[in-house]
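One letter stands for each residue in the lines below.
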Amino acid sequence: MLGIFGKLDWKGKQMAIATNETVLEALKKVQDPEIHRDIVSLGMVKDLKINNGAVSFTVELTTPACPLKDRIQEDCNKALAHLEGVSNVEIAFGSQVRGSKVGAGPTDLLPTVKNVILVASGKGGVGKSTVASNLAVALNKLGAATGLLDADIYGPSVPILMGIKEDPKKISVNGGVKLAPPVVHGIPVMSIGFFLEPEQAVIWRGPMLGKALHQLMADVHWGDLDYLVVDMPPGTGDVQITFSQQLKVSGAVLVSTPQNVALADVIRAKTMFDKVMIPIVGLIENMSYFICDGCHKKHEIFSRGGAERAAEKFNIPFLGAVPLMPSITEGGDKGVPILIQDPQSEISKVFLDIASKLAGQLSIASEASSRTESLRIVSS
Amino acid sequence: MSPPMAKPVPTEVNHVRARDKVRITWSDGHFWEYPLAYLRGYCPCALCQGHGASDEKKFVSVPDAKLAEIRPVGNYALEFRWQDGHNTGIYTFDYLRSLCRCPQCGPAEPGPEKERSHEHGNQGRGL
């Protein structure tokens, strides 16, 4: 009779036994700090095992780049600390990046890519390609399968920044011919520059461009990727429009320098992305400050905090400020991104931090996109 | 974090062939059946609207317009392909919403129905 209620302890009092239900109920108090929903209903608790009061489970994070792992662990421990019948808690962490692409297109040109991030700026010269390359390396270092697509038709610099010496190879996939991107520093990279003769300028007009970009997306064998970082050309022109019409995109990251004039261009870029309803998932300030290699003092060469203020004003998450350092351009010229060359440097830490914040924003976007109804087009 | 999708967006677009209408249902519950001639008349493309600076929408009357296909464009618009081959109009969601004449959106502005009957009236009077 007592069997169904639980064991008796030595005093004959009934002792509660932790069950899957009681443990999950308790874990419902733990929220994902970014998505603001509990980890149980988000389906993040996996492999729950209970053996004589010893509870073990895996928390499946929405990105390996999760900045809030420690906090989730602490909250889980707290939630289970006072649960009756629990003697020991063991938490493992795994990750499963969730897709956050939005768009109603009938076909997804990049079906094996979970998240597509456009790195954009309203004008050139803000270091967008450097930021895009290092962001891709940082996401990869944090454990996510990441690719890099250089769509900057006016100045495809990614092959130089990443030190790519080989051309993409033709391979056959499912009976068709596709291009396999060269892989450097663990990252498959495709660039419109591979298809141009050196020192040749792109003087294509809209339709040509659209076709070339379509090929870069549809005819490339990317394989399974958590994130694809796209280095966009500056401005608000044909390439942006092509991407917004043909591609399912998770969001855009804007890069700016601190000056007001650069910020005016951010606003232009924001207006464009708003119009085509691509969410802006973050703003990065580049060339934010200079650390003197003689006196190690921070010099804010181009005024201060402008991008952060703009981010606040337009309600865009501010992802971080990247310092101006000779080492980053040297690394770029040599084809070795700073994160590979000097992983312990301050600037590398800045990029890792930005990458994990970005991954967090994309997890939020993915949660939002999973709740929005997709568009159905029917005929009756 | 900005709520990027706070604006209403269509959740269902139904080409109701029997009535020559397109029924658009929005994320905030609005729905209306757009007559095909009304949609075609307000085609936003440059061929129909011209390159002038005026913000005013022009109505180009194509009374028996028939739809061939509706395609989504990215995350922000629809492309209506008409049976006469006209397919240059990209109707952004915002634009479609501005054309909505459901009871909540208010009565028709000087619209196609009126304009058309006016035209017909004129024709009737031999003007």
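Residues numbered from 1 in each chain as written. Chains lettered and ligands numbered in written order. Predicted model: local features only at pLDDT ≥ 70, side-chain atom pairs only at ≥ 80, totals over all residues.

## What to know about the overall build of chain B
Along chain B, the regular secondary structure elements total four helices and six strands. The order of helices and strands in chain B, counted from the N terminus, is β-β-β-α-α-β-β-β-α-α. Expressed as a percentage of the 127 residues in chain B, the buried residues total 23%. Contacts in chain B between residues at least 24 apart in sequence constitute 36% of all its contacts with a sequence separation of at least 6. (Helix = DSSP H or I, 4+ residues; strand = E, 2+ residues; numbered from the N terminus. Buried ≥ 20, exposed ≤ 12 C-beta atoms within 10 Å, placed from the backbone. Contact = placed C-beta atoms within 7 Å.)

## Focus on the packing of helix H1 (residues 20–27) of chain A against helix H2 (residues 69–81) of chain A
All names here are of chain A. For the pair H1 and H2, interaxial distance at closest approach is 9 Å and the crossing angle is 125°. By the angle class used here, H1 and H2 are oblique. Considering only the axes of H1 and H2, their crossing is right-handed. Residues Val 23, Ala 26 and Leu 27 of H1 form the contact with H2, whose participating residues are Cys 76, Ala 79 and Leu 80. Per-class residue counts for the contact of H1 with H2 are six nonpolar, no polar and no charged. (Axes fitted to C-alpha atoms, helices over the stretch in contact; angles between N-to-C directions. Parallel < 35°, antiparallel > 145°, perpendicular 65-115°, else oblique. Left-handed = near helix turned anticlockwise from the far one by under 90°. Nonpolar A, V, L, I, M, F, W, Y, C, P; charged D, E, K, R; others polar.)

## Examining the environment of Ser133(A)
All names here are of chain A. Counting through the fold element by element, Ser 133 comes out in helix H3 (residues 128–141). Taking the C-alpha atoms as reference points, Ser 133 and Pro 159, 26 residues apart in sequence, are found 9.8 Å from one another. Leave out the neighbours within four places in its chain, and Ser 133 touches Leu 148, Val 158, Leu 161, Met 162 and Pro 337.

## A closer look at the domain arrangement of chain A
Looking at chain A, the domain boundaries give domain 1 (2–95) and domain 2 (113–371). Distance from the C-alpha centre of domain 1 of chain A to the C-alpha centre of domain 2 of chain A: 39 Å. (Domains from an automatic or database assignment.)

## Regarding the sheet that holds strand S6 (residues 90–92) of chain B
Residue and element names in this part refer to chain B. Pairing within the open sheet is antiparallel, and its three strands lie in the order S4-S5-S6. Since the sheet does not close on itself, it has two edges, and those belong to strand S4 (67–73) and S6, each with one partner. Across the sheet, the mean angle from the axis of one strand to that of its neighbour is 25°, orientation sign disregarded. In the sheet, S4 pairs with strand S5 (residues 77–82) via six bridges, with the strands oriented antiparallel. Directly across from Pro 72, in S5, lies its bridge partner Leu 78. (Pairing = 2+ DSSP bridges.)

## Remarks on helix H9 (residues 326–334) of chain A
Because an α-helix completes one turn every 3.6 residues, residues spaced three or four positions apart along the sequence face the same direction. All names here are of chain A. Taken together, the buried positions of H9 are occupied by Ile 328, Gly 331 and Gly 332. Projected down its long axis, H9 carries its buried residues within an arc of 100°, all on one side. Exposed residues lying more than 90 degrees from the buried face of H9 are Pro 326, Glu 330, Asp 333 and Lys 334. (Arc of directions from axis to C-beta.)

## A look at the confidence of the model for chain A
Residues and elements named next belong to chain A. Taken residue by residue, chain A gives an average pLDDT of 83. The fraction at 70 or more is 90%. At the low end of the mean pLDDT range in chain A sits H9, at 77; at the high end sits strand S5 (residues 146–150), at 95. With pLDDT under 50 throughout, residues 1–13 is counted as low confidence; its partners more than four residues away or in other chains account for 12 contacts. (pLDDT = per-residue confidence, 0-100.)

## Considerations on unusual backbone geometry
Residue and element names in this part refer to chain A. Although it is not a glycine, Asp 47 sits at a positive phi angle of roughly 50°. Inspection of the secondary structure assignment puts Asp 47 in strand S1 (residues 45–51). Here Asp 47 falls in the exposed class, since 11 other C-beta atoms lie within 10 Å of it. You will see that His 185, though not glycine, has its phi angle at about 50°, which is positive.

## Quick word on H2(A)
Residues and elements named next belong to chain A. Taking 1.5 Å of rise per residue, the 13 residues of H2 would be expected to cover 18 Å, and the 18 Å separating its terminal C-alpha atoms lies within 8% of that figure. Of the positions making up H2, those classed as buried are Ile 72, Cys 76 and Leu 80. For H2, the arc enclosing every buried residue in end-on projection is 60°, short of the 170-degree limit, so these residues lie on one face. Exposed side chains of H2 directed beyond 90 degrees from the buried face belong to Asp 70, Asn 77, Lys 78 and Ala 81. (Expected span 1.5 Å × (residues − 1).)

## So, the confidence of the model for chain B
Residue and element names in this part refer to chain B. Looking at chain B, pLDDT values average 80 and 79% of them are 70 or higher. Taken as a whole, residues 1–5 scores under 50 in pLDDT and shows eight contacts with residues more than four places along the chain or in a different chain. This stretch, residues 110–127, has a pLDDT under 50; its non-local contacts, to residues over four places away or in other chains, come to 13 contacts. Here the predicted complex scores 0.77 on pTM and 0.73 on ipTM.

## A closer look at the sheet that holds strand S12 (residues 280–285) of chain A
Residue and element names in this part refer to chain A. Pairing within the open sheet is mixed, and its eight strands lie in the order S8-S9-S5-S10-S4-S11-S12-S15. The strands lining the two open edges of the sheet, one partner per strand, are strand S8 (183–184) and strand S15 (318–321). Strands strand S11 (251–256), S12 and S15 of the sheet are contacted by helix H8 (residues 306–313), whose axis makes an angle of about 160° with S12.

## A word on the pairing of S5(B)
Residue and element names in this part refer to chain B. Linkage of S4 to S5, two consecutive antiparallel strands, is achieved through a turn of three residues, within which Gly 74 is found at a positive phi near 50°. Sheet topology places S5 next to S6; three bridges connect them, and they run antiparallel. Opposite Ala 77, over in S6, you have Thr 92 as the bridge partner.

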